[in-house]
Amino acid sequence: MHITIRQLQVFESVARHLSYTRAAEELHLTQPAVSMQIRQLEQAVGLALFEQIGKKIYQTRAGELMLGHALTIQEHLELSKREMDELKGVDSGRLSIGVVSTVNYFAARLLAAFSRKHPNVKIRLDVTNRETLLRKLESNEPDLVLMGQPPNNLDVNASDFMDNPLLLVAAPDHSMAKMKNISLDSLIDETFVVREPGSGTRLAMERFFLDHDFKPKSTVEMAGNEVIKQAIEVGLGLSILSAHTIELELSAGRLITLDVIGIPIVRRWYVAHRTGKRLTPTALSFKQFVLAEGERKSKN
Ligand code: PGA
């Protein structure tokens, strides 16, 4: 069945007016042109769509059914046009951002600032740990992700935008609170509270320990930065956490950092997407916004 959109438009107009003449006027066509389109459509479907009784024309049963489909097709065409127009604009459309849990401490601020500039953009923020985020990145789910070290087993386009120092965190009454240049080895008997497997913070900590040939005698595993901070605060042990997660606790004196040689572990935050991804104007504008914010922060 070969049907053109033009035929459906003409058909819909004739069906609405039940008049070839009025359809021709509405569509700025001649009446024979309208008749021709209807005849071709009838040939394509293999059934009559209208019947003329006396001076009046009526829809046949086939015409009634066809009208339903013609209206649905028109609606879909209009919807697709609207959606394409949305994608063309920076000030509208959707933006889906995935972040590792540690980024969550500043992601909300970033998104709020972006949203003030582009109030019509609908933003979706997805917070997971590194491993889950990598899976989503692999299946091309989010427009952009904000994460630590980009993966080397996946084709990604990653641009770094801000420092992510990892600090050694302790309770304020820790015996080494006032010491300078503490060697990592002198912490061998401490309990280290570590993030869950799959966390980027944990990965960086493990790499640091491996590089320094250091293996703490005891470790306790906890899922998420918040619960670890609480455990450290009540004296369960030490941890290595991103500076972004402990700003409030440090300024309130609820946590301190120890001056350990080799710490801070210097890392960067990255904004990334799969190589070859066609960023929408909104996603591109968010990426540029993040890079500019990073630059502004590094100058302050
Ligand atoms: P995380 O990621 O929140 O999974 O620890 C942080 C990072 O990649 O540095």
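Details of the structure are given in the entry above.
On a predicted model such as this, the values are computed, not experimentally measured, just so you know.

**Student:** How should the pattern of salt bridges be read in this particular structure?
**Tutor:** Where charged atoms of side chains with opposite charge meet at close range, the side chains can pair. For the structure on display, the rule yields 18 salt bridges. Between Asp-160 and Arg-268 there is a salt bridge whose closest N-O contact spans 2.8 Å. Of the two residues, Asp-160 sits in strand β6 (residues 156-163) while Arg-268 sits in strand β12 (residues 268-274), which places them 108 residues apart along the sequence. Residue classification places Asp-160 among the partly exposed residues on the basis of a relative accessible area of 35%. Its relative accessible area of 28% is what places Arg-268 among the partly exposed residues. For the salt bridge of Glu-196 with Arg-195, the shortest nitrogen-to-oxygen distance reads 2.9 Å.

**Student:** Any chance you could explain the sheet that holds strand β7 (residues 166-170) here in plain terms?
**Tutor:** The strands making up a sheet are joined through hydrogen bonds of the backbone, oriented either antiparallel or parallel. What the three strands build is an open sheet, ordered β10-β7-β11; its pairing is antiparallel. On the outer flanks of this sheet lie β10 (239-242) and β11 (256-257), each paired with one strand and no other. Relative to β10, β7 runs antiparallel, the two sharing four bridges. Across the sheet, the residue bridging to Val-169 is Ser-239, located in β10.

**Student:** Hey, could you run me through the packing of helix α1 (residues 5-17) against helix α2 (residues 20-27) in this one?
**Tutor:** Helices that pack against each other are described as a pair by the angle of their axes relative to one another and the distance between those axes. Running from N to C, α1 and α2 point in directions that differ by 125 degrees, and their axes come no closer than 8 Å. Classified by the angle their axes make, α1 and α2 are oblique. Of the two possible hands of crossing, α1 and α2 adopt the one that is right-handed. Residue-level inspection shows Arg-6, Gln-9, Val-10, Ser-13, Val-14, Arg-16 and His-17 of α1 in contact with α2, the latter providing Tyr-20, Arg-22, Ala-23, Glu-26 and Leu-27. Among the residues forming the contact of α1 with α2, the class breakdown is five nonpolar, three polar and four charged.

**Student:** Where do I start with the sheet that holds strand β5 (residues 144-147) in this structure?
**Tutor:** Spatial ordering of the open sheet is given by β4-β3-β5-β12-β6, a layout of five strands whose pairing is mixed. Pairing within the sheet leaves two strands with one partner each, and these edge strands are β4 (122-128) and β6. With direction set aside, neighbouring strand axes in the sheet form an average angle of 20 degrees. Summarising the sheet, β5 and β12 pair through three bridges and their orientation is antiparallel. By the bridge assignment for β12, Leu-146 is matched with Val-271. This element, helix α5 (residues 104-117), spans β3 (94-100), β4, β5, β6 and β12 of the sheet and lies at about 175 degrees to β4. Its contacts with the sheet place helix α6 (residues 130-138) against β3, β4, β5, β6 and β12, and it is angled at close to 155 degrees to β5.

**Student:** I would appreciate a short explanation of the packing of aromatic side chains in the present structure.
**Tutor:** How two aromatic rings sit relative to each other is set out by the distance from centre to centre and by the angle between their planes. The full count for this structure, using the stated rule, is 11 aromatic pairs. Judged by centre distance (6.3 Å) and plane angle (45 degrees), the ring pair of Phe-208 and Phe-209 falls under tilted. As far as the burial class goes, Phe-208 and Phe-209 line up, both buried. One aromatic cluster in this structure is built from Phe-192, Phe-208, Phe-209 and Phe-214.

**Student:** I keep staring at the side chain of His-244 and nothing clicks. Help me out?
**Tutor:** When you line up the elements, His-244 lands in the loop between β10 and α9 (247-251). In this structure the side chain of His-244 is engaged in a polar contact, spanning 3.2 Å, whose partner is the backbone oxygen of Asp-163. When near neighbours in sequence (up to four residues on either side) are disregarded, His-244 contacts Tyr-105, Phe-106, Met-162, Asp-163, Asn-164 and Trp-269.

**Student:** Could you clarify how one ought to interpret the pairing of β7 in this entry?
**Tutor:** Two faces, one strand: in a regular strand the side chains alternate between the faces of the sheet. Along β7, five of the five residues are buried, which leaves the element largely enclosed by surrounding structure. The pairing of β7 with β11 spans two bridges and is antiparallel. Note on β11: the bridge partner recorded for Ala-170 is Ile-256.

**Student:** So what exactly am I meant to see when it comes to unusual backbone geometry here?
**Tutor:** Excluding glycine, residues mostly have negative phi values, and the peptide bonds linking residues are mostly trans. Between Ile-263 and the following residue, Pro-264, the backbone shows a cis peptide bond with an omega angle of 5 degrees. Note that Pro-264 resides in the loop between β11 and β12. Phi is positive for His-28, which is not a glycine, with a value near 55 degrees. A relative accessible area of 72% means that His-28 is categorised as exposed. In this structure, Asp-213 takes a positive phi of about 50 degrees despite not being glycine. Among the secondary structure elements, Asp-213 is positioned in the loop between α7 (200-211) and β9 (218-222).

Parameters and conventions
- Residues numbered from 1 in each chain as written.
- Predicted model: local features only at pLDDT ≥ 70, side-chain atom pairs only at ≥ 80, totals over all residues.
- Heavy atoms only, no water.
- Salt bridge = Lys/Arg side-chain N within 4 Å of Asp/Glu carboxyl O.
- Helix = DSSP H or I, 4+ residues; strand = E, 2+ residues; numbered from the N terminus.
- Buried < 20%, exposed > 50% of the residue type's maximum accessible area, 1.4 Å probe, protein only.
- Pairing = 2+ DSSP bridges.
- Axes fitted to C-alpha atoms, helices over the stretch in contact; angles between N-to-C directions.
- Parallel < 35°, antiparallel > 145°, perpendicular 65-115°, else oblique.
- Left-handed = near helix turned anticlockwise from the far one by under 90°.
- Contact = heavy atoms within 4.5 Å.
- Nonpolar A, V, L, I, M, F, W, Y, C, P; charged D, E, K, R; others polar.
- Phe/Tyr/Trp six-rings, centres within 6.5 Å; stacked < 30°, edge-to-face > 60°.
- Polar contact = N/O pair within 3.5 Å; in protein donor to acceptor, adjacent residues only side chain to side chain.

Interpretation note: all reported values are geometric properties and have no functional meaning in isolation.
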